[in-house]
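Reading the structure
Each chain, written out:
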Amino acid sequence: MTGATAPPRGGTALRLTAFLGEGDTWHHRPVHAEIVRRARAAGLAGASVFRGVEGFGASALVHTARLLSLSEDLPVAVVIVDEADRVRGFLPQLEPLMDGGLVTLDEVEVLRYPRRDDRDSDGDRDGDGGGSGSGSGGEDAAR
């Protein structure tokens, strides 16, 4: 079958989410950056940092990115997904960094999609067989 991709591989994993403030630091460095650095050094599968636009925590003080508040310590979530034993083995490295933050652990189902070239077998990027790579058909449809 031309252009077909392999089915995703599935399994279970553990998702660690560390909730903290954007202004939290560890030795003059953002805590979220230090978590990512440590996760990489530990050989974990990956780590992503997500910046919130508004939120509150234990203090009940709302932090927001709305105009005039100038982003007062916005919420940040660091998410790591890997095998359960690897994530649990990483927890001791996280403990000294979490000064008042919250960490959650969730078992998740993971679908790993195989990598593929930027272009499929007919030369287009979106798999529609059009060959233009635009995906919308805008230029071809107008003719």
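Since we're looking at a predicted model, the values are computed, not measured. (Residues numbered from 1 in each chain as written. Predicted model: local features only at pLDDT ≥ 70, side-chain atom pairs only at ≥ 80, totals over all residues. Heavy atoms only, no water.)

**Re unusual backbone geometry**
Non-glycine residue His27 carries a positive phi angle of around 50 degrees. With respect to the helices and strands, the residue His27 is situated in the loop between strand 2 (25–26) and strand 3 (29–30). The residue His28 is not glycine, and still its phi comes out positive at about 65 degrees. As for its placement among the helices and strands, His28 is situated in the loop between strand 2 and strand 3. Judged by its relative accessible area of 83%, His28 is exposed. (Helix = DSSP H or I, 4+ residues; strand = E, 2+ residues; numbered from the N terminus. Buried < 20%, exposed > 50% of the residue type's maximum accessible area, 1.4 Å probe, protein only.)

**Examining the environment of Gly23**
Relative to the helices and strands, Gly23 is located in the loop between strand 1 (9–21) and strand 2. By relative accessible area, Gly23 is classed as partly exposed at 47%. The spatial distance from the C-alpha of Gly23 to the C-alpha of Leu74 is 7.5 Å, given a sequence separation of 51 residues.

**Side note on the pairing of strand 1**
Every regular strand shows the same layout, with side chains that alternate between the two sheet faces. Bridge analysis of strand 1 against strand 8 (residues 102–112) gives 11 bridges, and the strand direction is antiparallel. Counted as the bridge partner of Leu14 is Glu107 from strand 8. (Pairing = 2+ DSSP bridges.)

**Description of the pattern of salt bridges**
Any two side chains of opposite charge can pair, so long as their charged atoms come close to each other. One pass over the full model with this rule turns up 6 salt bridges. Glu22 is the partner of Arg51 in a salt bridge, and the nearest nitrogen-oxygen pair spans 2.8 Å. Note that Arg51 is positioned in strand 4 (residues 47–51) and Glu22 in the loop between strand 1 and strand 2, a separation of 29 residues in sequence. The salt bridge partner of Arg86 is Asp82, with a shortest N-O separation of 3.1 Å. Residue classification places Arg86 among the partly exposed positions, given a relative accessible area of 32%. Under the relative-accessibility criterion, Asp82 is labelled buried at 8%. One network of salt bridges, with partners in common, ties together Arg29, Glu34, Arg37 and Arg38. (Salt bridge = Lys/Arg side-chain N within 4 Å of Asp/Glu carboxyl O.)

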